[in-house]
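# A closer look at the structure
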Amino acid sequence: MTPEHSSGTRLDPWFGAYAERAHGMRASEIRALFAVANRPEVVSLAGGMPFIEGLPLDVIGEAMQRLIRTKGTTALQYGSGQGEESLREKILDVVALEGVEAHPDDVVVTTGSQQALDLVTRIFVDPGDVVLAEAPSYVGALGVFRSYQADVVHVEMDADGLVPAELEATLTRLESEGRPVKLLYTIPNYQNPAGVTLSLERRPQVLEICRRHGVLVVEDDPYGLLGFEGDPLPALRSYDAEGVLYLGSFSKTFAPGYRVGFVIAPHAVREKLVLASESSILSPSNASQLAVDTYLETCDWRGQIKTYREMYRDRRDALVGALSEHLPSASWNVPGGGFFVWVRLPEGLDAKSMLPRAVTGRVAYVPGTAFYYDGRGAGHMRLSFCYPTPERIREGVRRLAAVVNAEAELVQLFGTSARPDDDPTDVEIPSPDLA
């Protein structure tokens, strides 16, 4: 039956019935291209997938079997909308490594930190509200903000992270335009995609500026324990319990398949988050929560984080070394942790238009335009070193250099140049293996 009340299309008869916010939601051509990039012959330097093979799967398997034998009826039942109290207590042990002090009642367990982003945006952002984000910023967050019809304004970063003077100037300008800011979204540690870390000196400065302008800070911290040198830096939440929402996840330090994340929030905000979560999923998975709880209680999770740090440091060194050897015409940062290196291509090259030729050359990356709300970033790419082996990383960079050098010759011949994304208003929804 044809829906007469909607102005549909031949491909989608319900096209005219969608809410306004749904019309920008579509899989980009980049995402479609990665269906090919995931073939085994392609070296993917694109995805942010942790190296699960580095886990002691035999030990974890035995622990999960015990869990089902001893607590199966609880694990397979509905649970609390806020999350299991025993897990919330253990979450505080984990975040204490970054100086965060809180009560278990301050913690809301979510289905990954991506749901946490969605919940925070849902309860704070009306269509047209301004959200500040670093330039560049996490593509999954930009997709959430777009889906709620927020107006995202970027704030510049440098090698020491978010620039306080730029933050101050942006807030002052927006206030003078009558555009108050609801949130500052920031990834202070080993940022995705740029790999930079907010310096210790700047952390209280950023918070003081936001406090003065009445802006709530959303601190997204999936990589904070994955630094390659020294102790973790203090979280922004450790400086200000009332002005910061702290988002965390076990996807990078344990396993993303369980989809367990969390928010640490002030009391009143926490209540709204729980209600919003219950309205969308009733409760987070008890089985996943108890699996993570069992892992934290019975396995050497601190030792596993140390293992991950060493493993990812070796992969970072392989990537940076290969770039130095094969692609000296580009420039890049050397991250102190996390998963990503942000590469600036030689002048005039467009990472997005070059991607099909790279995949043909059996290597993949994420173009920089995915990480900007306003279409910038064509001259950059994000390279991920977390999943491939060092040998595969070096081979991937060798292949990438061949593509870049061939592209540079074309630019010299024909004078083409990088250009902004044609339609930056689309909601970029990353596939799970690319985020």
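Just above, that's the structure.
Moving on to the sheet that holds strand β10 (residues 261–264). Within the open sheet, the 8 strands sit side by side as β3-β10-β9-β8-β7-β4-β5-β6. Their pairing is mixed. At either margin of the open sheet sits one strand with a lone partner, and together these are β3 (107–110) and β6 (161–162). Bridging between strand β8 (residues 216–220) and strand β9 (residues 244–249) involves 4 bridges; their strand directions are parallel. Bridging from a neighbouring strand, Val218 pairs with Leu245 of β9.

The subject of this paragraph is the sheet that holds strand β15 (residues 380–384). Adjacent strands of a sheet pair through backbone hydrogen bonds, lying either parallel or antiparallel. Reading across from one edge, β11-β12-β15-β14 is the order of the 4 strands in this open sheet, with antiparallel pairing throughout. Of all strands in the sheet, those bounded by a partner on one side alone are β11 (331–332) and β14 (366–367). Where strand β12 (residues 340–344) and β15 come together, 5 bridges link them in antiparallel fashion. The residue of β15 that forms the bridge with Val341 is Leu383. With respect to the sheet, helix α10 (residues 301–326) is in contact with β11, β12 and β15, its orientation differing from that of β12 by roughly 20°.

So, about the environment of Glu168. By secondary structure assignment, the location of Glu168 is in helix α6 (residues 164–176). Judged by relative accessible area, which is 22%, Glu168 ranks as partly exposed. The residues touching Glu168, leaving out its near neighbours within four places in the chain, are Ile209, Arg212 and His213.

A separate point is empty space enclosed by the protein. Counted by the stated rule, this structure contains 5 cavities of 30 Å³ or more. For the second largest cavity, the lining is made up of 13 residues, of which Val94, Asp221, Leu225, Tyr246 and Ser249 are closest to its centre. For the lining of the second largest cavity, the secondary structure elements donating two or more residues are α3 (85–95) and β9. Of all the elements, β9 adds the most residues to the lining of the second largest cavity, at 3 residues. Partitioning the lining of the second largest cavity into residue classes produces 7 nonpolar, 4 polar and 2 charged.

Before going further, it helps to examine helix α9 (residues 286–298). Given a rise of 1.5 Å per residue, 13 residues ought to cover 18 Å, and the 18 Å separating the end C-alpha atoms of α9 matches this to within 8%. Those residues of α9 lying buried are Asn286, Ser288, Gln289, Leu290, Ala291, Val292, Asp293, Thr294, Tyr295 and Leu296. In this structure, the buried residues of α9 make contact with α2 (57–75), α3, β3 and α10. In this structure Ser285 caps α9, since a side-chain oxygen of it lies 3.3 Å from the backbone nitrogen of Ala287.

Cut-offs used in this document
Residues numbered from 1 in each chain as written. Predicted model: local features only at pLDDT ≥ 70, side-chain atom pairs only at ≥ 80, totals over all residues. Heavy atoms only, no water. Pairing = 2+ DSSP bridges. Helix = DSSP H or I, 4+ residues; strand = E, 2+ residues; numbered from the N terminus. Contact = heavy atoms within 4.5 Å. Axes fitted to C-alpha atoms, helices over the stretch in contact; angles between N-to-C directions. Buried < 20%, exposed > 50% of the residue type's maximum accessible area, 1.4 Å probe, protein only. 1 Å grid on protein atoms, 1.4 Å probe; cavity = no way out; pocket = protein on both sides within 12 Å on 5 of 7 lines; lining within 4 Å. Points joined across faces, edges and corners; volume = space filled by probe spheres on them. Nonpolar A, V, L, I, M, F, W, Y, C, P; charged D, E, K, R; others polar. Expected span 1.5 Å × (residues − 1). Polar contact = N/O pair within 3.5 Å; in protein donor to acceptor, adjacent residues only side chain to side chain.

As far as function goes, none of this settles anything; it's purely spatial.
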